[in-house]
Amino acid sequence: MSYSYKLSYLKQLEAESIYIMREAVAQFEKPVLLFSGGKDSIVMAHLARKAFWPAKLPFPMLHVDTGHNFPETIEFRDYLVNKIGARLIVRTVQDSIDQGLAEEEKGPNPSRNGLQTVTLLSAIEEFKFDVAFGGARRDEEKARAKERFFSHRDEFSQWDPKNQRPELWHLYNGRKNPGEHFRVFPLSNWTELDIWQYIAEEELELPSIYFSHQREIVNRQGVLLAKSEFITLLKGEQYEEKTIRFRTVGDMSCTGAVESPASNLEDIIAEVAAARVTERAARADDQRSEAAMEDRKKQGYF
Amino acid sequence: MEIKEQKREADLLRFITCGSVDDGKSTLIGRLLYDTKTIFEDQLQNIERTSQQRGEEYVNLALLTDGLRAEREQGITIDVAYRYFATPTRKFIMADTPGHIQYTRNMVTGASTANLAIVLVDARKGVIEQTCRHTFIASLLKIDHIILCVNKMDLVGFSEEVFNKIKADFETFISRLDIADVSYIPVSALQGDNIVNRSESMPWYEGPTLLYTLENVHLGSDLNLVDARFPVQYVSRPQTTEYHDFRGYAGRVEGGVFKPGDEVMVLPSGFTSKISAIETFDGPVAEAFPPMSVTITLNDEIDISRGDMIVKPNNQPQTSQDIELMICWMHEKPLVKGKKYIIRHTTREAKCLVKDIRYKMNINTLHKIEDDLNIGLNDIARIVIRSTVPLFFDDYRRNAATGSLILIDEFTNETLAAGIIL
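Computed from a prediction, not measured in an experiment: that's the story for all the values here.

## Quick look at the overall build of chain B
Piece 1. Helix and strand counts for chain B stand at 8 helices and 19 strands.
Piece 2. Scaling as 2.2 N^0.38, a compact globule of 422 residues should have a C-alpha radius of gyration of about 22 Å, and chain B matches this with 24 Å.
Piece 3. C-alpha atoms of chain B, sized along the principal axes, occupy 70 × 65 × 40 Å.
Piece 4. Going through the 422 residues of chain B one by one, you find that 61% of them count as buried.
Piece 5. Across chain B, every contact between residues at least 6 apart in sequence was considered, and the portion connecting residues at least 24 apart equals 69%.
Piece 6. Element-wise, carbon and sulfur atoms account for 46% of the exposed surface of chain B, whose accessible area totals about 16700 Å².
Piece 7. Each charge class in chain B can be summarised by its mean position, and for the 47 positive and 59 negative side chains these summaries are 4 Å apart.

So this is what it looks like as structure tokens:
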């Protein structure tokens, strides 16, 4: 092969993400990286290390903990934070509820997904963060497809999708007034498949729940929910054991599994390439209404 | 891993779709996604359900890209929606940009990072003001490839005569613009004619389909490999035991090729030094070229900060405080001659004064308007600014990264204009 000055597609994406992270750190004073322990935030942490090497991450990581996590995710989170020598801040939805800032949903399947916004915003205020890195991708969801790399939030942390700043070339305007902050999304142009291919190429470690395993699940309106203390069986429902894995990792109360034998990265990449439904189809939180994501984002959600 | 290898070889095309409102842009994108089997079942079910609820006759593919509630309610596109798809030959990032004149600024946003523009016209209406406006902006932003899609051919009886008339009108308009490559395709996005599959209703059209054109358009390198330009983004001083004396300049190569040992000059100081290493997390590299993000270390300790630029002594950018620009104005508040604005250019931020407004463009006739210099939302004008500090720049046509800037309101911090350095 003759040598040409051409970066592979993944390397182009990587270079873009690194550029954006550096730009945010240069333009803001108190950045924070939102970290859930899911694959996208693992890629984010990796890109952040690349962006600032040989220095350590110039910002802490923040986990907004709903208390409804998969134990494997939390275990992995602590392992990774320790391994890369990052500083981790954990703020819990339970604290927000106890402080009377948020209220638990009623019903058989209370989700704390929306409540995360309250906890996130309190944490941003507590630490005076002026920019929060998120791992959201535009290919995930139609409201996210409209998101800028540098996304402005007003003093109430609201997103105004009808009136976003034009974002030209790669000139990012992070100027803001007191009390306002930004969300920065370095993975905007990545697709689910890109993430998996990058994980394989960079040999990144992942929580075990992404790989095929046996688990007791209940099928609730097509969403396969894992057995846990957060799920109450409805009339006529029962647990059954299946070979499953998770394509996306959120709360146990709303993240659905997919039946899959894919137990290594190669199989997962083949599965994702051939998938006929989006990864968020298995998320009960997005199935609530057509504009569920847009509505949550306007309020200040990730 | 076969898939991985395949993807790595595939190249990338970024394109936009533009045209007037109701020309069927969102439907065209929906059709591209649908016929390339990029639409997922749950997405399709969602829009089928919504279309049914709204009492629409067929599945409304526009609902795929109109992601905001207000967009679906009004049936228009307000902001750019980005979509991703791939065929075995290419990966595509497409930006569906708004057709409403009110949202032209969002079209400019999408166009600033595109290599190709699909301009849609409604076969019943032909070339109209928005067609001209979008095509002009595309040429101003140096988009080298334009595909004129004459849509809704089904509504004009798939008439070759109608198509040829529109083609001739468009040719007349663009003869005065600088566009390298234009193709013309008659389509029906609604029925899928000539999008992915060849039309059976238009045997007179012998050219390629839209997808074939997208897959095969020749992408010469958009990247300038001649003029070495490295705007310093961030100074890396780890101050750890291991890297106690490390001082690196992080940034992205915006032009040319840098190698260890190269003699370089730092602007604005003019000091020279040699590159000692080009560092990355994965180890030092033998050369850095666009769009790599790297960290450069130099042999000498020189005072360098964000906004400075590392170049080669024998190939320097222009350095000046007085700059001639074409601007696309993007705010309801008009441009004010004599007012100060904030400029962001590469990694540099400065203030500037608008010294002169030379003329405003009449988009339809491409004439210069010199007797009305009120520059408001969506106007395109030529202006002169004077910046508080020198900028290091190239002509936009030579290097879009060092030839572009934005103007920002110093009080509200909103982005007001896109500037193209002449």
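## Quick look at the domain arrangement of chain A
When the parts of a complex come together, some accessible area is lost, and that lost area is often used as the size of the interface.
Residue and element names in this part refer to chain A.
Piece 1. Domain assignment breaks chain A into domain 1 (9-194 + 291-299) and domain 2 (208-286).
Piece 2. Each of domain 1 and domain 2 was reduced to a C-alpha centroid, and the two centroids are 24 Å apart.
Piece 3. Across the contact, 25 residues belong to domain 1 and 28 residues belong to domain 2.
Piece 4. Carbon and sulfur atoms supply 51% of the area buried between domain 1 and domain 2, which totals about 2200 Å² over both sides.
Piece 5. At the boundary of domain 1 with domain 2, the tally comes to 2 salt bridges.
Piece 6. Here Glu 192 ties to Arg 247 by a salt bridge, and the two come within 2.7 Å at their closest N and O atoms.
Piece 7. Between the two partners, domain 1 and domain 2, sit 7 residue pairs in polar contact (both at pLDDT 80 or more).
Piece 8. For the side of domain 1 that touches domain 2, the class distribution of residues is 7 nonpolar, 9 polar and 9 charged.

## Here we look at the environment of Thr 412 of chain B
Residue and element names in this part refer to chain B.
Piece 1. Position of Thr 412 among the secondary structure elements: in the loop between strand E18 (404-408) and strand E19 (415-421).
Piece 2. Classification of Thr 412 as partly exposed rests on a relative accessible area of 29%.
Piece 3. Polar contacts involving the side chain of Thr 412 include one to the side chain of Glu 414, which spans 2.9 Å.

## Details of the sheet that holds strand E12 (residues 309-311) of chain B
Piece 1. The 6 strands are arranged E7-E8-E11-E10-E9-E12 (chain B) in a closed barrel whose pairing can be described as antiparallel. Adjacent strand axes in the sheet meet at a mean angle of 45 degrees, parallel and antiparallel pairs treated alike.

## A look at the pairing of strand E10 (residues 272-279) of chain B
Residue and element names in this part refer to chain B.
Piece 1. The pairing of strand E9 (residues 263-267) with E10 spans 3 bridges and is antiparallel. The residue of E10 that forms the bridge with Glu 263 is Lys 274.
Piece 2. If you look at the hairpin formed by E9 and E10, you'll find 4 residues sitting between the two strands, and Gly 270 has a positive phi there, around 85 degrees.

## Things to note about the packing of aromatic side chains
Piece 1. Summed over all chains, the structure comprises 25 aromatic pairs over all chains.
Piece 2. Aromatic pair Trp 169 of chain A and Tyr 396 of chain B: ring centres 5.8 Å apart, planes at 65 degrees, arrangement edge-to-face. Of this pair, Trp 169 of chain A sits in the loop between strand E5 (150-153) and strand E6 (181-184) while Tyr 396 of chain B sits in the loop between strand E17 (380-393) and E18, which puts the two residues in different chains.
Piece 3. Measuring from centroid to centroid gives 5.0 Å for Trp 190 of chain A and Tyr 198 of chain A, while their planes differ by 85 degrees, and the two rings are edge-to-face.
Piece 4. Judged by relative accessible area, which is 0%, Tyr 198 of chain A ranks as buried.
Piece 5. Grouping aromatic residues by their ring pairs yields a cluster made of Tyr 19, Phe 28, Phe 149, Phe 150, Tyr 172 and Phe 182 of chain A.
Piece 6. The positively charged end of Arg 138 of chain A is found above the aromatic ring belonging to Phe 149 of chain A, 4.8 Å away from the centroid.
Piece 7. Here Arg 138 of chain A stacks its cationic end above the ring of Tyr 82 of chain B, 3.9 Å away from the centre of that ring.

## Some details on unusual backbone geometry
Piece 1. With an omega of 5 degrees, the peptide bond between Trp 53 of chain A and Pro 54 of chain A qualifies as cis.
Piece 2. Relative to the assigned elements, Pro 54 of chain A resides in the loop between helix H2 (39-52) and strand E2 (61-65).
Piece 3. That bond from Pro 290 of chain B to Pro 291 of chain B is cis: its omega, -5 degrees, falls within 30 degrees of zero.
Piece 4. The topology assignment puts Pro 291 of chain B in the loop between E10 and strand E11 (293-298).
Piece 5. Positive phi values are uncommon outside glycine, yet Lys 152 of chain B reaches one of about 65 degrees.
Piece 6. For Lys 152 of chain B, the location among the structural elements is in the loop between strand E5 (145-151) and helix H7 (160-174).
Piece 7. A positive phi angle, close to 65 degrees, is found at Asn 413 of chain B, a residue other than glycine.
Piece 8. Relative accessible area serves as the criterion here: at 3%, Asn 413 of chain B is assigned to the buried category.

## Description of the packing of helix H1 (residues 9-27) of chain A against helix H6 (residues 192-202) of chain A
Residues and elements named next belong to chain A.
Piece 1. As a packed pair, H1 and H6 sit with axes 11 Å apart at the nearest point and diverge in direction by 95 degrees. As summarised for this structure, H1 and H6 are arranged roughly perpendicular, according to the angle between their axes. Together, Tyr 9, Leu 10, Lys 11, Leu 13 and Glu 14 of H1 and Asp 194, Gln 197, Tyr 198, Glu 201 and Glu 202 of H6 make up the contact between the two elements.
Piece 2. Its residues placed into classes, the contact of H1 with H6 shows 4 nonpolar, 1 polar and 5 charged.

## Considering the interface of chain A and chain B
Piece 1. Counting from both sides, the interface comprises 70 residues of chain A and, opposite them, 90 residues of chain B.
Piece 2. Across the chain A/chain B interface, buried area totals approximately 7300 Å², and carbon plus sulfur atoms make up 56% of it.
Piece 3. Seen at the junction of chain A and chain B, the total is 5 salt bridges.
Piece 4. Among the ionic pairs, Arg 306 of chain B bridges to Glu 23 of chain A, the shortest N-O distance being 2.6 Å.
Piece 5. One can count 28 residue pairs in polar contact (both at pLDDT 80 or more) joining chain A with chain B.
Piece 6. Looking at the side of chain A that touches chain B, the elements with two or more residues in it are H1, H2, H6, helix H7 (265-274) and helix H8 (292-299) of chain A.
Piece 7. Examining the composition of the side of chain A that touches chain B, we find that 12 residues originate from one element, H1 of chain A, more than from any other.

## Some details on the packing of H1 of chain A against H2 of chain A
Residues and elements named next belong to chain A.
Piece 1. At a closest axis distance of 9 Å, the pairing of H1 and H2 adopts a crossing angle of 70 degrees. Considered as vectors, H1 and H2 are oriented roughly perpendicular to each other. Where H1 abuts H2, its residues Lys 11, Glu 14, Ser 17, Ile 18, Met 21, Arg 22 and Val 25 lie against Met 44, Leu 47, Ala 48, Lys 50, Ala 51 and Phe 52.
Piece 2. Its residues assigned to classes, the contact of H1 with H2 comprises 8 nonpolar, 1 polar and 4 charged.

## Section: a nonpolar patch on the surface
Piece 1. Taken together, the side chains of Tyr 5 of chain A together with Leu 223 and Leu 225 of chain B make up a nonpolar region of the molecular surface, amounting to roughly 220 Å² of accessible area.
Piece 2. Here Tyr 5 of chain A is to be found in the segment before H1.

## Considerations on empty space enclosed by the protein
Piece 1. Within this structure, the stated rule accounts for 5 cavities of 30 Å³ or more.
Piece 2. Together, Tyr 19, Trp 169, His 170 and Leu 171 of chain A together with Pro 231, Arg 252, Glu 254, Thr 346, Thr 347, Ala 401 and Ser 404 of chain B line the second largest cavity.
Piece 3. Of the residues belonging to the lining of the second largest cavity, the class tally is 5 nonpolar, 4 polar and 2 charged.

## Considering the confidence of the model for chain B
Residues and elements named next belong to chain B.
Piece 1. In the predicted model, chain B carries a mean pLDDT of 88, and 90% of its residues have values of at least 70.
Piece 2. Ranking the elements of chain B by mean pLDDT puts helix H1 (residues 2-9) last with 40 and E12 first with 98.
Piece 3. Contacts from residues 1-8, a stretch scored under 50 in pLDDT, to residues over four places away or in other chains number 17 contacts.

## Re the sheet that holds E2 of chain A
All names here are of chain A.
Piece 1. In spatial order, the strands read E3-E2-E1-E4-E6-E5; together these 6 strands make up an open sheet with mixed pairing. Each edge of the open sheet is held by one strand with a lone partner, namely strand E3 (88-92) and E5. Ignoring strand direction, the axes of neighbouring strands in this sheet form an average angle of 30 degrees.
Piece 2. Against the sheet, H1 touches strand E1 (31-34), strand E4 (131-133), E5 and E6, its axis set at about 40 degrees to E5.

Cut-offs used in this document
Residues numbered from 1 in each chain as written. Chains lettered and ligands numbered in written order. Predicted model: local features only at pLDDT ≥ 70, side-chain atom pairs only at ≥ 80, totals over all residues. Heavy atoms only, no water. Helix = DSSP H or I, 4+ residues; strand = E, 2+ residues; numbered from the N terminus. Rg over C-alpha atoms; globule rule 2.2 N^0.38 Å. Buried < 20%, exposed > 50% of the residue type's maximum accessible area, 1.4 Å probe, protein only. Contact = heavy atoms within 4.5 Å. Areas by Shrake-Rupley, 256 points an atom, 1.4 Å probe, with all protein chains shown as cover. Lys, Arg positive; Asp, Glu negative; His and termini not counted. Charge placed at Lys NZ, Arg CZ, Asp CG, Glu CD. Domains from an automatic or database assignment. Buried area = accessible area lost by both parts, 1.4 Å probe. Salt bridge = Lys/Arg side-chain N within 4 Å of Asp/Glu carboxyl O. Polar contact = N/O pair within 3.5 Å; in protein donor to acceptor, adjacent residues only side chain to side chain. Nonpolar A, V, L, I, M, F, W, Y, C, P; charged D, E, K, R; others polar. Pairing = 2+ DSSP bridges. Axes fitted to C-alpha atoms, helices over the stretch in contact; angles between N-to-C directions. Phe/Tyr/Trp six-rings, centres within 6.5 Å; stacked < 30°, edge-to-face > 60°. Lys NZ or Arg CZ within 6 Å of the ring centre and 35° of its normal. Parallel < 35°, antiparallel > 145°, perpendicular 65-115°, else oblique. Patch = residues over 30% accessible without salt bridge, like charges linked within 9 Å, V, L, I, M, F, W, Y side chains within 5 Å. 1 Å grid on protein atoms, 1.4 Å probe; cavity = no way out; pocket = protein on both sides within 12 Å on 5 of 7 lines; lining within 4 Å. Points joined across faces, edges and corners; volume = space filled by probe spheres on them. pLDDT = per-residue confidence, 0-100.

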